[in-house]
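# Per-entry structural report
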Amino acid sequence: MAVRVRIRTFVLGFLLAALAACGGSEGAGNGAASASTLYVIKFPHVVATAAPKGQMAQRFKELAEERFPGRVSVEVYPSAQLMEDTESIEALAFGEVQMIATSLSLYDRLTQKFQLFDLPFLFPNLAAVERFQASADGRALLTTLTERGILGLQFWHNGMKQFSGPRPLIEPEDARGLKFRVMESDILQAEIEAIGGSPQKMAFGEVYQALQTGTVDAQENTWSNMYSSKFYEVQPYMTESNHGYIGYFVAVNSAFWQSLPEDLRLGLETTLAEVTQWGNARSEAINQEDRQRIVDSGRSELTVLTPQQLAAWQTAMRPVWDEFRDRIGGELVDAALAAAQ
């Protein structure tokens, strides 16, 4: 189903872009619309409101409606109340929703450039991620999908990924034979295969029950997602590996965005930039607080890898780089590596 969603999005994106080019957004950006027009922005996402993305979405809603009363209404739907992430990409292309903040991992059928963010151990921390995303190469990624009808405005952080499972994951061999839930990403699939696990692509909203029932044995995620979605209740062991990054592509429907009066569009972009700075600066603190909450719960035993153990995981996953570097683009990978130093 997810693959069909992405294939359809390719076609839909071109159709939307063509409509926009032919004047499908009459009065776009020129203030032709009445100042009394109420623009509704439907903004679905899949995490809890307490997670970094949930907090940023709510803050954007509050500031946007406060600054443009009677002109914009932001309807936020957390915890997959409206749809799952993969569905929201298609819905954005259709114009059924106007804004999304979906994981960068979910776009690998639309552009292989975003696979960069899934390379294991590319970024050692969020500061390194931020340096790259703020660079010219990083900012250029925001407009990668405009021809598909999807306009990127910002990158939002969640945090660095950790492992959890039914037994301690200390050496890569400990993962052998376990069924790992992963997002819809070919790189993440290859990453789990590299350590001998069996990757199971699955929507975020299905993960808790899948872990609880044994449909999957293990997973990778951030501390904030594991705490807010209560994965620690059904995962007795967690490993602090910081082996990857979860971040979000904050995007809008291109035709809708260009249809907004210029003052409103620019004002919302300024507001979103402020929310991004506020939220990204807090994401590391939120993750560390949730890490401690998991430890304090006594439900999961935490392993912190030594440098030697961490090196073993890096070595085991290195073939993933060899497989995907050319697909992503060697120059883009090098630019990210330079920012990560």
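Values in this document were obtained by computation on a predicted structure and should not be read as measured data.

Basis of the calculations
Residue numbering note: each chain is counted from 1, following its sequence as written. Side-chain atom pairs in this predicted model are given and counted only at pLDDT of 80 or more, local residue features only at pLDDT of at least 70, and totals for whole chains, interfaces and linings cover all residues. To get the side-chain values, all heavy atoms of the structure are used, and hydrogens and water are removed first. The secondary structure listing takes helices from DSSP runs of H or I that are at least 4 residues long and strands from runs of E that are at least 2 residues long, numbered from the N terminus. A simple rule labels every residue: compare its accessible area, found with a 1.4 Å probe on the protein chains alone, to the largest value its type can have, and call it buried under 20%, exposed over 50%, or partly exposed in between. Contacts: residue pairs with any heavy atoms within 4.5 Å of one another. By definition, pLDDT measures how confident the predictor is in each residue, and it falls between 0 and 100. When the centres of two rings from Phe, Tyr and Trp lie within 6.5 Å, Trp using its six-membered ring, the rings pair. Their planes under 30 degrees apart give stacked, over 60 give edge-to-face, and anything left gives tilted. Two conditions define a charge located above a ring, namely a distance within 6 Å from the ring centre to NZ of Lys or CZ of Arg, and an angle within 35 degrees of the ring normal. The pairing criterion is simple: DSSP has to find at least two bridges between the two strands. The angle between two axes is taken between their N-to-C directions and runs from 0 to 180 degrees, where each axis is a line fitted to C-alpha atoms and a helix contributes only its stretch in contact. Any pair of N or O atoms that falls within 3.5 Å is considered a polar contact. Within protein, one atom must be able to donate a hydrogen and the other to accept it, and sequence-neighbouring residues count only if both atoms are side-chain atoms. Should an angle fall under 35 degrees it is taken as roughly parallel, and over 145 as roughly antiparallel, whereas 65 to 115 is taken as roughly perpendicular and any remaining angle as oblique. Crossing handedness: left-handed means the near helix sits turned counterclockwise from the far one by under a right angle, and right-handed means the same turn made clockwise.

### As for the side chain of Ser103
- Assignment of secondary structure puts Ser103 in strand E3 (residues 99–103).
- On the basis of relative accessible area, Ser103 is assigned to the buried category, the value being 3%.
- Discounting chain neighbours no more than four positions away, the residues touching Ser103 are Asp85, Met183, Gly247 and Tyr248.

### Topic: the confidence of the model for the protein
- Summing up the model confidence of the protein, the mean pLDDT is 91 and the portion of residues at 70 or higher is 90%.
- Confidence over residues 1–32 falls short of pLDDT 50; this stretch has 57 contacts with residues more than four positions distant or in other chains.

### With respect to the packing of aromatic side chains
- The final tally for this structure, using the stated rule, is 15 aromatic pairs.
- Between Phe117 and Tyr245 the ring centres are 6.1 Å apart and the planes differ by 45°, which places this aromatic pair in the tilted class. Of this pair, Phe117 sits in the loop between E3 and helix H4 (126–134) while Tyr245 sits in strand E10 (residues 245–253); the two residues are 128 residues apart in sequence, bridging distant segments of the chain.
- Taking relative accessible area as the criterion, Phe117 reaches 2% and is therefore assigned buried.
- Between Phe155 and Phe249, the ring centres sit 6.3 Å apart and the planes meet at 45°, which makes this aromatic pair tilted. Remark: Phe249 occurs in strand E10 and Phe155 occurs in strand E4 (residues 150–160); sequence separation between them is 94 residues.
- Note on Phe155: relative accessible area 3%, which makes it buried.
- Look at Phe249 and you get buried, because its relative accessible area is 0%.
- When the ring centre of Tyr248 is taken as origin, the NZ or CZ atom of Lys53, which lies over that ring, is 3.7 Å away.

### A short note on the sheet that holds E10
- Taken in spatial order, the 3 strands line up as E3-E10-E4 in an open sheet, and their pairing is antiparallel. Two strands close off the open sheet at either side, each with one partner strand: E3 and E4. Strand-to-strand twist in this sheet, taken as the mean axis angle between neighbours without regard to direction, amounts to 25°.
- For E4 and E10, the ladder comprises 9 bridges, and the chain directions are antiparallel. Following the sheet pairing, Gly159 is matched in E10 by Ile246.
- Packing against the sheet, helix H2 (residues 52–67) makes contact with E3, E4 and E10, and its axis sits at approximately 135° to E4.
- Packed on one face of the sheet, helix H10 (residues 262–297) meets E4 and E10 and runs near 15° to E4.

### Re unusual backbone geometry
- A positive phi angle is found at Ser79, which is not glycine, with a value near 55°.
- The topology assignment puts Ser79 in the loop between strand E2 (72–77) and helix H3 (85–94).
- For Ser79, a relative accessible area of 39% corresponds to the partly exposed category.
- Backbone geometry places Asn242, a non-glycine residue, at a positive phi of 50°.
- Residue position: Asn242 is located in the loop between strand E9 (237–240) and E10.

### Topic: the side chain of Arg71
- For Arg71, the location among the structural elements is in the loop between H2 and E2.
- A polar side-chain atom of Arg71 sits 2.8 Å from a polar atom in the side chain of Asp263.

### Quick look at the packing of helix H6 (residues 186–194) against helix H11 (residues 307–328)
- Where H6 contacts H11, the two axes come as close as 8 Å, and the packing angle between them is 155°. Considered as vectors, H6 and H11 are oriented roughly antiparallel to each other. Note that H6 runs across H11; the crossing there is right-handed. For the pair formed by H6 and H11, the contact residues are Asp186, Ile187, Ala190, Glu191 and Ala194 on the first element and Ala316, Met317, Val320, Glu323, Phe324 and Ile328 on the second.

### Remarks on the pairing of E9
- One ladder, built from 3 bridges, connects strand E5 (residues 162–165) with E9; its direction is antiparallel. Bridging across to E9, Gly165 finds its partner in Tyr237.
- By the bridge criterion, 4 bridges tie E9 to strand E11 (residues 301–304) in an arrangement that is parallel. For Tyr237, the partnering residue across the bridge sits in E11 and is Glu301.

### So, the sheet that holds strand E7 (residues 198–201)
- Pairing is mixed across the open sheet formed by 6 strands, whose spatial order is E7-E6-E8-E5-E9-E11. Each edge of the sheet is formed by a strand with only one pairing partner; in this case those strands are E7 and E11. Averaged over neighbouring strand pairs, the angle between their axes works out to 25° when direction is ignored.
- Docked against the sheet, H6 engages E5, strand E6 (179–182), E7 and strand E8 (218–221), running at close to 155° with respect to E7.

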